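The chain contents come next:
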Amino acid sequence: MKTHLYFIPAFLTILTFSCQPKQKKTLKMSELFSDHMVLQQQHEVNFWGEYTPGQQLTLSGSWGAEISTNADTNGIWKMKLNTPDAGGPYSIKIVTRDSTIVIEDVLVGEVWLASGQSNMEMPVKGWLPNDPILNSKQEIIQANYPDIRMLTVKKNLSGSPLDFIEGQWTSASPKTVGDFSATAYFFARKLQQELKVPIGIIHSSWGGTVAEAWTSKGYLEKLGDFDETINSFNKPEFKNLTENTENWFKQWPTHEIPDTDEQWQKIDFSDIRAAESDFDDSYWDTMELPGRYDQLSTGEFDGAMWLRKEFIIHDTTVDYILKIMAIDDMDASYINGQKIGGLAGAGFSNVPREITIPKSLLVQGSNIIAIRAIDTGGPGSITGPMTISNNKGDNISIEGTWKTRLVAEIFNETFYTYNLKVGVSERPHIFQFHPNLPTVLFNGMINPLVPYTIKGAIWYQGESNVGRDEQYKQLFPTMIKDWRNKWGYDFPFYFVQIAPYIYNPNPSEQVSQKLRDAQRYSLNTPKTGMVVTLDIGNPTNIHPANKQEVGKRLARLALANDYGKKLVPSGPLYKQIKKLGSKLIVEFDNIGSGLAASFTGLSGFEIAGLDKVYVPAVAKIIENKIEVTSPLIASPQYVRYAWRDASAASLFNLEGLPASSFTSDE
C-alpha cells in the first residue's frame, strides 16, 4: 500500500475554510434589556447579546440615536448607544437581517444597583408578622410612581460566571411596590422627588449571605483567605459529588418555591396521606425532638419534613392545646388526619405555636399528631417545650422519639418532591451549593449585570460577617474594587452600617460593633459613603422597620456627592484624638452645622489607659469637639464610642444624623 501526498494550494485552503457554514444563532439579549427598562441619561450605555457570528445588527433609540456592529466569531456582540437627557417613554429597536426585537416603554434617567443581604432584600410589604416595614400599608397605597422602575434579579448561584439573569422591569404602583426592596425603593423615591427624573433600580440581593459570596474569584484570590474552597470547585471529587447530586434530583418532580404567604399556606406536595392516623410509618426513620430536624445521615437539607408521633388521651370531654415554643421556619399540624393549624409564610420562625385541638378530633387511647415542618434556609429546628394539655391539668409531653420522612427538598431554588416511601438511606450525600460559598453570588447575580451602565451602587450587608471584622476590613473594600473593575469605572458606592442588634446577650462576648467599625474603616476606599443606623435600629430585631430613613440617608449621600445638592452627606465620623492631661479631645469630620447630643445627653463613650481596660467616660461637647474624662483613668490613651451590640446613638450633628461607632485603637 502506497502513501500518496497531496499538496493543496494556499488560495484553495483559504477558500475551503471560508465556505464552511457559520453557526447560526438566534438573536438574544439579557432580560436587563426589556420593556419598562431605565437607561442612564447623557451617557454611552452598553448593550450586548448573541447572534450569528459575523452578521450585522443595528440598534436604534426612538430619540434619534443609531449604531451598527457585527457579532464576533463567537457570536457575541456589544454596542454603545448615546442616551439623551432624562425623559421618555421611548422605544428601542434591534434589527438583523432575519429578526427584530422592539423594547417598549423605555425611560432615560438615573440607574442604580442595589445589593446585599436580607435588610436589602426585605420588601415594602415586610415579612409579617415578625418583620414589618414602618407604615407599609400606607406606603403601598400611596406608591403611584410610574417613573420609578425596579428589576429584581431572580436568585441564582453558580460555580462559574454567568452571562444572563432572570427578572423583569416593573413600575412602582400599589399593585407592585409591595414586592420591591424597601431600602432600594425609598432610596429611589427620594432621588425621584429631588431630581424629577426617572429612577431605575437593579435589585440583586439574597438574605443571610456573606460578602465573599458577592466577590469574584480573581479578587478573592488576592486575599488568599478563601483559596481552599474556591480551588475545591475544580477538584475531581467535587465534580463527582456535584454530578451525583444533579443525577439524584433529576429523577424527582419539581415544585416552585412560593412567592407569597398565601402560596406557602396552600403548598401541596401530594403528601397529605402522611397526616392520617392509619398511615403506615413503620418504615420511616426516627429522630429526637425538640432539636434540629434538618440533619440527616447523608447531610443537611432545606425542605419539608413530616414528623409523626403517637400520644395517649384518657379524657375526651374537653378541648386540648398544642404548645410548641417555636418551629423554624413553618409548619402545618394535624391530629388524626385533620388539620388544626400552623404558621406558613415569612417571619414565623420565632413565633410560639399554640393551637386548639377540638375534642371532636380526639379518641380515647392512641392518637396521632403529624407536623409537616418546612425549613427554607439555615438551621431548621423545633424548640421545646412541646406539650398537649387541657384545662383540667392534664399535661402530655410530646417530646422524645418521632417518626420522620423527608418529603420535599430545596435545591438550587427549586423544590424537588419525593414520595413518602423514599428513605434517607437512598438519598446520596447531597452537595448543597449554598449561597454562602465564595464567588457563587457574584457569578450568578452580579457578573450577568456587567456592563449594564449604572450611576452607582447601594449596599446593605454585614450581619453575616459579624465575628470576622478584621477580615472584613480587607474583604469589603476588595469587593468594591472588584465590581468597579468589572464595570470599568469607579462608580460611587454607598453602604449601610449594620444596625444595633443583640447578637450575644453576654456583653463581654459582643463583637458586632467591631464589624460596624470595619465598615467605617472601609470609607478609606474612594467615592464611598456610609449610612449610620444607631438611632433607628431595633436591638431585638435584626430587620429594623424604618427603611424609609435608611433609603433617605442613602439618597442624601448620592444627592450631596453626585448630584450637586448642598447637603451634609452623613453624621459625624471619627477623625483623631488629642491628649490634654487627663482628658482626651475627640475631633470629627462631617460635623455639619455643629455637634449635638441626644435629648438624654451624651452616653456610650469609654476611655482606657495603656492597658486598654475601658471604663465609662464623662463626655462633653466643647467647641464642636468631644471632651472625655474619667476619675478612674489618670492618663487616658484610647477612646471608643457605641461599643456594644445594641448601642444607641447619643451623638449627632445638628442636621440630625448620628455619629458612627468608633475606636481610636486602630
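Keep in mind the model is a prediction, meaning the values are calculated, not measured.

> Please explain the pairing of strand 4 (residues 56-61) as it appears in this structure.
A regular strand places its side chains so that they alternate between the two faces of the sheet. The buried count for strand 4 comes to five of six residues, which makes it a mostly enclosed element. Relative to strand 5 (residues 66-70), strand 4 is paired through five bridges, and the arrangement is antiparallel. Along strand 5, the bridge assignment pairs serine 60 with glutamate 66. Taking the residues between adjacent antiparallel strands as the criterion, strand 4 and strand 5 are bridged by four residues, where glycine 64 takes a positive phi near 115 degrees. Strand direction decides the pairing type here: strand 4 and strand 7 (residues 87-95), joined by four bridges, are antiparallel. Opposite serine 60, over in strand 7, you have lysine 93 as the bridge partner.

> Looking at this model, I keep getting lost on the side chain of arginine 149. Mind explaining?
Counting through the fold element by element, arginine 149 comes out in strand 9 (residues 145-152). Reaching out from arginine 149, the side chain makes a polar contact with the side chain of serine 171 at a distance of 2.8 Å. Each residue touching arginine 149, except ones within four places of it in the same chain, is listed here: His36, Met37, Val38, Asp105, Leu107, Trp169, Thr170, Ser171, Ile199, Gly200 and Ile201.

> Please clarify how the sheet that holds strand 33 (residues 605-608) should be interpreted in this entry.
The pairing of strands in a sheet comes from backbone hydrogen bonds and takes either a parallel or an antiparallel form. Across the sheet, which stays open at both edges, the four strands sit in the order 34-33-37-39 with antiparallel pairing between neighbours. Sheet topology places strand 34 (615-616) and strand 39 (662-663) at the edges, where each strand pairs with a single neighbour. Bridge count for strand 33 against strand 34 is two bridges, and the pairing is antiparallel. Note that in strand 34 the partner of isoleucine 607 across the bridge is valine 615.

> Got a minute to help me understand unusual backbone geometry in this structure?
What you tend to see is this: most non-glycine residues have negative phi, and most peptide bonds are trans. Going from leucine 128 to proline 129, the amide bond is cis rather than trans, its omega being 5 degrees. That bond from aspartate 328 to aspartate 329 is cis: its omega, 15 degrees, falls within 30 degrees of zero. In this structure, aspartate 329 sits in the loop between strand 18 (320-327) and strand 19 (330-335). Even without being a glycine, aspartate 105 presents a positive backbone phi close to 55 degrees.

> What should I look at first to understand the pairing of strand 18 in this one?
Direction of pairing for strand 18 relative to strand 21 (residues 353-357): antiparallel, over a ladder of five bridges. Residue tyrosine 320 lies in a different strand from strand 21, and its bridge partner there is isoleucine 357. Relative to strand 23 (residues 381-389), strand 18 runs antiparallel, the two sharing six bridges. In the strand pairing of strand 23, lysine 323 is matched with threonine 387.

> Help me understand the sheet that holds strand 35 (residues 618-622), please; the structure alone is not making it clear to me.
Read across the open sheet, the four strands follow the order 30-31-36-35; overall the sheet is antiparallel. Strand pairing shows two members of the sheet lacking a second neighbour, strand 30 (573-580) and strand 35, which therefore form its edges. Put simply, the sheet's adjacent strands are angled 25 degrees from each other on average, direction ignored. The pairing of strand 30 with strand 31 (residues 583-589) spans seven bridges and is antiparallel. Bridge pairing links glutamine 576 to glutamate 587 in strand 31.

What counts as what
Residues numbered from 1 in each chain as written. Predicted model: local features only at pLDDT ≥ 70, side-chain atom pairs only at ≥ 80, totals over all residues. Heavy atoms only, no water. Buried < 20%, exposed > 50% of the residue type's maximum accessible area, 1.4 Å probe, protein only. Helix = DSSP H or I, 4+ residues; strand = E, 2+ residues; numbered from the N terminus. Pairing = 2+ DSSP bridges. Polar contact = N/O pair within 3.5 Å; in protein donor to acceptor, adjacent residues only side chain to side chain. Contact = heavy atoms within 4.5 Å. Axes fitted to C-alpha atoms, helices over the stretch in contact; angles between N-to-C directions.

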